[in-house]
Amino acid sequence: MKKESIVPFFATLQAANPAPETELEYSSPFELLAAVLLSAQATDVGVNKATRKLFPVANTPQAILDLGLEGLEAYIRTIGLYRSKAKHLMQACRMLVEQHGGEVPRTREALEALPGVGRKTANVVLNVAFGEATIAVDTHIFRVANRTGLAPGKTPLEVELKLEKRVPAEFRLHAHHWLILHGRYVCVARKPRCWECAVARYCDFKPKTPAPA
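Residues numbered from 1 in each chain as written. Predicted model: local features only at pLDDT ≥ 70, side-chain atom pairs only at ≥ 80, totals over all residues. Heavy atoms only, no water.

Student: Just checking my understanding: could you explain the overall build of the protein for this structure?
Tutor: Within the protein, the regular secondary structure consists of 10 helices and 0 strands. Against the 2.2 N^0.38 benchmark of 17 Å for 213 residues, the protein shows a C-alpha radius of gyration of 18 Å, consistent with a compact globule. The C-alpha extent of the protein, read off along each of the three principal axes, is 55 × 40 × 30 Å. Long-range contacts, defined as pairs at least 24 residues apart, comprise 58% of the intrachain contacts of the protein with a sequence gap of at least 6. Only carbon and sulfur atoms are counted for the fraction: they give 55% of the accessible area of the protein, which is about 10800 Å². Positive and negative side-chain charges in the protein, numbering 28 and 21 respectively, have mean positions lying 10 Å apart. (Helix = DSSP H or I, 4+ residues; strand = E, 2+ residues; numbered from the N terminus. Rg over C-alpha atoms; globule rule 2.2 N^0.38 Å. Contact = heavy atoms within 4.5 Å. Areas by Shrake-Rupley, 256 points an atom, 1.4 Å probe, with all protein chains shown as cover. Lys, Arg positive; Asp, Glu negative; His and termini not counted. Charge placed at Lys NZ, Arg CZ, Asp CG, Glu CD.)

Student: Explain the nonpolar core here, please?
Tutor: The tendency in soluble globular proteins is for nonpolar side chains to be buried side by side. Judged by nonpolar contacts, the single largest core of 39 residues is most densely connected at Ile 64, Leu 72, Ile 76, Leu 89, Leu 111 and Leu 114. Those elements that provide at least two residues to this core are α2 (29-38), α3 (44-54), α4 (61-76), α5 (82-100) and α7 (119-128). Ile 6, Val 137, Ala 151 and Cys 187 belong to the second largest nonpolar core, which has 26 residues in total. (Core = buried A, V, L, I, M, F, W, Y, C linked by side-chain atoms within 4.5 Å. Buried < 20%, exposed > 50% of the residue type's maximum accessible area, 1.4 Å probe, protein only.)

Student: What's the story with the side chain of His 182 in this structure? I'm lost.
Tutor: Turning to its location among the elements, His 182 is positioned in helix α10 (residues 172-185). Setting aside chain neighbours within four positions, we find His 182 in contact with Leu 13, Val 144, Cys 187, Cys 197 and Val 199.

Student: I tried to follow unusual backbone geometry on my own but got confused; where do I start?
Tutor: Most peptide bonds are trans, and most residues other than glycine sit at a negative phi. With an omega dihedral of -10°, the bond running from Lys 206 to Pro 207 counts as a cis peptide bond. Tracing the chain through its elements places Pro 207 in the segment after α10. One non-glycine residue, Gln 41, lies in positive phi territory at about 55°. Judged by its relative accessible area of 75%, Gln 41 falls in the exposed class. With phi around 60°, Leu 81 is a residue other than glycine that occupies positive phi space. Of the residues examined, Leu 81 reaches a relative accessible area of 49% and is grouped as partly exposed.

Student: Quick question: what am I supposed to make of the state of the cysteines here?
Tutor: Covalently bonding the sulfur atom of one cysteine to the sulfur atom of another cysteine gives a disulfide. As enumerated under the stated definition, the model contains 0 disulfides in all. Of the cysteine sulfurs around Cys 194, a residue in no disulfide, the closest is that of Cys 203, at 6.5 Å. (Disulfide = S-S within 2.5 Å.)

Student: Just to check I follow, could you spell out the packing of α4 against α5 for this structure?
Tutor: To characterise two packed helices, one gives the angle between the axes of the helices and the distance between these axes. Interhelical geometry of α4 versus α5 gives an angle of 175° and a closest axis separation of 9 Å. Viewed along their axes, α4 and α5 adopt a mutual orientation that is roughly antiparallel. Between α4 and α5, the contacting residues are Pro 61, Gln 62, Ile 64, Leu 65, Gly 68, Leu 69, Leu 72, Glu 73 and Ile 76 on the first element and Tyr 82, Arg 83, Ala 86, Lys 87, Leu 89, Met 90, Cys 93, Arg 94, Leu 96 and Val 97 on the second. Its residues assigned to classes, the contact of α4 with α5 shows 13 nonpolar, 2 polar and 4 charged. (Axes fitted to C-alpha atoms, helices over the stretch in contact; angles between N-to-C directions. Parallel < 35°, antiparallel > 145°, perpendicular 65-115°, else oblique. Nonpolar A, V, L, I, M, F, W, Y, C, P; charged D, E, K, R; others polar.)

Student: Would you mind going over the packing of aromatic side chains with me for this structure?
Tutor: How two aromatic rings sit relative to each other is set out by the distance from centre to centre and by the angle between their planes. The tally for this structure, following the rule as stated, stands at 4 aromatic pairs. Arranged with centres 5.1 Å apart and planes meeting at 85°, the rings of Phe 9 and Phe 10 form a pair that is edge-to-face. You'll find Phe 9 and Phe 10 in the same group, each marked buried. Between Phe 171 and Trp 178, the aromatic rings sit 6.3 Å apart at their centres with planes inclined by 65°, giving edge-to-face as the arrangement. The exposure class of Phe 171 is buried, given its relative accessible area of 4%. (Phe/Tyr/Trp six-rings, centres within 6.5 Å; stacked < 30°, edge-to-face > 60°.)

Student: Could you clarify how one ought to interpret the packing of helix α8 (residues 139-148) against α10 in this entry?
Tutor: It is the contact of α8 with α10, at a shortest axis distance of 8 Å, that shows an interaxial angle of 85°. Considering the angle they form, α8 stands roughly perpendicular to α10. Contact residues: His 140, Ile 141, Arg 143 and Val 144 in α8; His 176, Leu 179, Ile 180, His 182, Gly 183 and Arg 184 in α10. Here the contact of α8 with α10 is built from residues that sort into 4 nonpolar, 4 polar and 2 charged.

Student: Help me understand the pattern of salt bridges in this model?
Tutor: Tallying each qualifying case throughout the model produces 6 salt bridges. A salt bridge links Glu 160 to Arg 119; its shortest N-O distance comes to 2.8 Å. Here the residue Glu 160 occupies a position in helix α9 (residues 156-166), and Arg 119 occupies one in helix α7, the gap between them amounting to 41 residues. Exposure remark for Glu 160: the relative accessible area of 3% places this residue in the buried category. Salt-bridge contacts for Glu 196 lead to Arg 193; the nearest nitrogen and oxygen are separated by 2.6 Å. Residues participating in the shared-partner salt-bridge network are Glu 23, Asp 44 and Arg 184. (Salt bridge = Lys/Arg side-chain N within 4 Å of Asp/Glu carboxyl O.)

So yeah, pure geometry; function would need other evidence.
If you want it as C-alpha cells, here you go:
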C-alpha cells in the first residue's frame, strides 16, 4: 500500500466507526483478561456465551480459584481447548493473587509472565483495558495487513512492528479494532467482499472480487 493511501484508508474506517470496541463482553480488566485468554482459537460469540454464565458467579482471580479447576471447567467446556485454558486461567489467577494483589498488572512484561498470556493477549489488555496504543495481531489483522499491502509480514510480530511504523499516531489507539472488524466482516478469509469495501481503492489486493451475480 502506498504511503499516501494510509491516512485515507484509516480515515475511511474511522468515519464508518468512530469508537470501535471489542466484541468480547467484560466489565473489568480482569474479566477482559480472562475472556481474551479463553478466546484463543475460539470465537468471541462462543466465549461470551460461556462468560455470561461464569462472570456472575466468579469474576475476580480469588473467586475463580475458589471455584476449583473442575468447577471452572464446567462453565467453559463449550469453548475449544477448555481443559488447557482452564488450567492456564487458574495458574494466572494464582499469580495475580500472590504477586499483584488480585489486580491485573499494567505492563507488558508482567502480563506476559502470566500462564496462557502471550504477546497478543497482553496487547489486547493494554489497549482495551488501559487505553494504550498497542496492536494485537490476530488472524484477521494478519490477513488484512498482508492482503491490503498495509503491513506485509511472515509472522504476527513482523506485521505488528510494521503496523507500529506505518499506522499514523492519530489512528493507532483504534487501529487494532478497525482492522479486526474489517477482517471479520468485509475482508473475509475465503473471498474478500471487495464490492462492498469502503477502502478497496487504497488496497493492493488484485483482482478485486466482483459482486455476486
